[in-house]
Amino acid sequence: MVPVRGLIWRLPARVSSIHILLIVYGHGPPKVNCWQDPLSPSKWKEEHFVIVSLVGWGLAIYGGFKLFNLPNLRDANSKGN
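Owing to the predicted nature of the structure, the values given are computational and were not obtained by experimental measurement. (Residues numbered from 1 in each chain as written. Predicted model: local features only at pLDDT ≥ 70, side-chain atom pairs only at ≥ 80, totals over all residues. Heavy atoms only, no water.)

Engineer: Talk me through the overall build of the chain; I want residue IDs and the actual numbers.
Structural biologist: Helix and strand counts for the chain come out as two helices and two strands. Among the 81 residues that make up the chain, the fraction classed as buried is 6%. For the chain, the share of sequence-separated contacts (at least 6 apart) that also reach a separation of at least 24 residues comes to 0%. Per element, the accessible surface of the chain, about 7,600 Å² overall, is 67% carbon and sulfur. (Helix = DSSP H or I, 4+ residues; strand = E, 2+ residues; numbered from the N terminus. Buried < 20%, exposed > 50% of the residue type's maximum accessible area, 1.4 Å probe, protein only. Contact = heavy atoms within 4.5 Å. Areas by Shrake-Rupley, 256 points an atom, 1.4 Å probe, with all protein chains shown as cover.)

Engineer: Which residues make up the pattern of salt bridges, and what values go with them?
Structural biologist: Per the stated rule, a full pass over the model turns up one salt bridge. A salt bridge links lysine 43 to aspartate 37; the nearest nitrogen and oxygen atoms lie 3.8 Å apart. Here lysine 43 falls in the partly exposed class, since its relative accessible area comes to 43%. By relative accessible area, which is 22% here, aspartate 37 ends up partly exposed. (Salt bridge = Lys/Arg side-chain N within 4 Å of Asp/Glu carboxyl O.)

Engineer: I'd love a proper account of the UniProt feature "transmembrane region" (unreviewed entry) in the chain, names of residues and values included.
Structural biologist: Residues given the UniProt feature "transmembrane region" (unreviewed entry) here are residues 7-28 and 48-68. The distance from the first to the last C-alpha atom of residues 48-68 is 30 Å, and the span holds 100% helix and 0% strand. (UniProt positions renumbered as here; feature names shortened; annotations may be inferred.)

Engineer: Tell me about a nonpolar patch on the surface, and name the residues and values.
Structural biologist: There is a patch of nonpolar side chains on the surface, built from Phe49, Val50 and Leu54 and spanning about 280 Å² of accessible area. Structurally, valine 50 can be placed in helix H2 (residues 46-80). On the basis of relative accessibility, which here comes to 40%, the residue valine 50 falls in the partly exposed class. (Patch = residues over 30% accessible without salt bridge, like charges linked within 9 Å, V, L, I, M, F, W, Y side chains within 5 Å.)

Written out as structure tokens, the structure reads:
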């Protein structure tokens, strides 16, 4: 690519319209929102996959913390009364 007057680029003559379509539209199937197809994470948009993964890990860590600290909380409440 050759820059012409700042930000405008001129493509070489050997680049066909097929190449331009592949650059514009990308490869593979279109990505969908996570709530449109919740059972196929491979089809989700990347940012939705990251958000759902982080929320899942947060819930797992919080649930594990609550599960393993439950006996300690019961002992603290019974001693306080």
